[in-house]
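Analysis of the macromolecular model
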Amino acid sequence: MFKSLFFSIIGFKLLAALLLLSNVCQCALALILLTVFSSHTLGQEVDNLGLRPDTSRDTMKGNRKPGSHIKVFLPSLPYLAISHSVNAGLVRPANNQRGWEYDLAISHKRINDKTYEFELRQGVKFQDGSPFDADAVVINMLYFKMQPYTYTDIDRVYDRAEKISKYKVRFHLKEKYGFFLYDAMWIHFYTQAYLNKYGWNGKPTAPNLAAPGPYSLGPYILTKGYVEGNRNSSTVELVANKYYWDPNFPKVEKVTVYLDLKTDAAISDLLNHEGKLDVMPLPFSYELPTVLSDYAKLLRSPSTNNYSVHMNMINGNPLLKEREVREAINKAIDQESLLMLSMNGEGEFSPTMISPNFYGVRQASRHLQSHSFIESPLSFAVRKQLINTIKKHQLSYGMDPEKKLKLRFLVQESFLFLVKDIKYFLELIHIDLELDIVAEEKDIFNQLLNPRDGRNTTQYDFLIWGNYDWIRHPWTALFVYRPSSVWSTIGDDQTLQNYIALLFKTAIDEAEYIPLLRSMIEHVYHQNYMLFLPSPNKVLGLNKEVFYKPRPSAFIPLWEIEVSDNHWSLRQGDYPIALKEPVIITHSSPGVD
């Protein structure tokens, strides 16, 4: 069985890649074993391997347990992941087809293309006990108007909010804007005390968690630390909000979130030391050790996550402005090898930088193929052609074509597993990558958001970050294509700018949506504006006594997480030996609630 499984998954081409890749050879056997452990079609073999059922839910009754406490490590987009656990808006992200559900609102109606009216939930209180009503919405929107976030078009199209009654408010826009309800997820409401101190920050990153205090309306109160896109403390602490409008949540009394742990240290805490860590995203190579751990279990699910690898066409190496050079770089990356080996098969092929699991994307891009599917970069003839392309453009820019093209790659430590193999592929086509490694995501964003104004303090040619979806609308991946945005390193492209302007006006249920999405994706594919990589699955390590049903996106509803009576924060005495046995891997369904 192992022999047939090996060849059916990896195949001849990937066997060749196995001999070439820099950091994956040692995990090939683990890949085979994990495939047996985790295959959806080999349930009998899983049972025969002796993995025990997950019994953690046996003592979970859906109520909050006094003294319960979990510890979470979030290296990517922590401010997005936990924002709705502290803050609240009229709607919030949801695992359904439209991608949202009501939160502080109970209903809405679209009066016309430019006017939306919301009925507010009654009896809601801020975390300090003060009332939330239409007056609070109007006051908050005055502050938002002065300093809105800027990664969508809401800063331009929002006009004003009007109180209709104590629990009814009307939003007026300047023009048709099909994206409005998605923006409403991230327009959060704060007490007057918070607004007086911090207002809305006007940053490209939306959620506003500038300081601890009872300032918002979410299920948890931020009691220690701060977390925004470009700044955060090393740790934040959350405690249950006694005024939260839904008495069934949150399930855990206290949450500690770590933001700057080293990956290896975090994994050791999760796998080997009970009580140090309960939830973390896993590098794919640690799946098997997690399954075999005394204290941890493995959870896998499809996702709408993406790897954003920017090519700096603004103030990076001038050769990156050449479409042929960008295309050669993309053609050098073998997506099959990265997905099946570097990523342990955890993901999906993608012809561009956007997960096919977003609404409409699979349909809009099915006619495109990843470059490496058209011509294998493992072929000597293809590599020679790509090298000649690089040398030709080196010569045209006055560079010595006999010297390797040196490019600098800014990478967060948690993505090294992937970037080291990208480095190897590019070395095969005459490109030498210098890796500039940083510890935290904020260090990446502080450089990503500044080249347009020439204020990046680190010179880079490539930059990677986890562009993890937060609203289940493809804009959460596509926004890095917007040429006028600080999130983009593309430079001027009026055609692309026009596509994006139309996308904001078009709702996903309109007939024009799929053709528009197809045209935009085709344009980016032809221009090779990003490094195109497979889209990753969500893979998490959990304490064995923690239950969490993950969303496909980066959004983490911390208030839904539960712990059993055997959890370290509640149990008296040592963890029972019988419970240390490996737990069957959880496969979360790709469907919606």
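See above for the structure.
Our subject in this report is the structure included herewith. Numbering of residues starts from 1 in every chain and runs along the sequence as written. In keeping with the model being predicted, local features are shown solely for residues with a pLDDT of at least 70 and side-chain atom pairs are shown and tallied solely at 80 or more, while totals for entire chains, interfaces and linings include all residues. Note: side-chain values were computed over all heavy atoms of the structure, leaving out hydrogens and water.

Summarising the element assignment, Ile354 is placed in the loop between strand S16 (347–348) and helix H14 (361–365). We call a residue buried when its accessible area falls under 20% of the maximum for its residue type, exposed when it is over 50%, and partly exposed in between, using a 1.4 Å probe and counting protein chains only. A residue is classified by how much of its surface remains accessible, and Ile354, at 2% relative accessible area, is buried. Separated by 213 residues in sequence, Ile354 and His567 have C-alpha atoms that sit 38 Å apart. Two residues form a contact once any of their heavy atoms are found within 4.5 Å. Apart from residues no more than four positions distant in its own chain, Ile354 is found in contact with Asn306, Val361, Pro474, Ala477, Leu478 and Ser535. By the criteria applied, helices consist of DSSP H or I runs no shorter than four residues and strands consist of E runs no shorter than two, each listed in order from the N terminus.

This brings us to the nonpolar core. Phe132, Phe171, Ile422, Leu426, Phe462, Trp465 and Tyr481 are the most contacted members of the largest nonpolar core, which totals 172 residues. Considering each element in turn, this core owes the most residues, 8 residues, to helix H21 (residues 513–527). Remark: nonpolar core denotes a set of buried residues (Ala, Val, Leu, Ile, Met, Phe, Trp, Tyr, Cys) joined through side-chain atoms within 4.5 Å.

Mapped onto the secondary structure, Ser414 falls in the loop between strand S17 (405–412) and helix H17 (416–427). For Ser414, the residues in contact, after removing those within four places along its chain, are Pro75 and Thr263.

The subject of this paragraph is the sheet that holds strand S7 (residues 168–173). If you walk across this open sheet you meet the 4 strands as S4-S5-S7-S6, and the pairing is antiparallel. Two strands bound the open sheet, and with one partner strand each, they are strand S4 (105–112) and strand S6 (158–165). With direction set aside, neighbouring strand axes in the sheet form an average angle of 20°. Inter-axis angles, ranging from 0 to 180 degrees, are taken between N-to-C directions of lines fitted to C-alpha atoms, where helices are fitted over the stretch in contact. Contacts between helix H6 (residues 134–146) and the sheet are confined to strand S5 (115–120), S6 and S7, with S6 contributing the most and set at about 170° to the helix. What makes two strands pair is DSSP finding at least two bridges between them.

Burial runs high along helix H13 (residues 335–342): 7 of the 8 residues are buried. Listing the buried residues of H13 in full gives Gln335, Ser337, Leu338, Leu339, Met340, Leu341 and Ser342. Where H13 begins, the side chain of Asp334 points an oxygen toward the backbone nitrogen of Glu336, at a separation of 3.2 Å. Definition of a polar contact: a pair of N or O atoms within 3.5 Å, with one able to donate and the other able to accept a hydrogen when the atoms are protein atoms, and with sequence-neighbouring residues admitted only if both atoms are side-chain atoms.

Where empty space is left in the structure can be found by rolling a water-sized probe over the atoms. Cavities and pockets were defined on a 1 Å grid built from protein atoms only: a cavity is a group of points that admits a 1.4 Å probe but offers it no way out, a pocket is an open group of points flanked by protein on both sides within 12 Å along at least five of seven lines, and a lining residue is one with an atom within 4 Å of any such point. Grid points are joined across faces, edges and corners, and a volume is the space filled by probe spheres set on the points. Within the structure shown, the criterion is met by 9 cavities of 30 Å³ or more. Taken as a whole, the largest cavity holds about 420 Å³ of empty space. Lining the largest cavity are 25 residues, with Ser76, Pro281, Leu282, Tyr468 and Val539 sitting closest to its centre. Mapped onto the lining of the largest cavity, the elements with two or more residues apiece are strand S13 (279–281), strand S15 (305–311) and strand S22 (538–543). At 3 residues, S22 tops the list of elements feeding residues into the lining of the largest cavity. Among the residues forming the lining of the largest cavity, the class breakdown is 18 nonpolar, 6 polar and 1 charged. Polar here means any residue outside two lists: the nonpolar Ala, Val, Leu, Ile, Met, Phe, Trp, Tyr, Cys and Pro, and the charged Asp, Glu, Lys and Arg; Gly therefore counts as polar.

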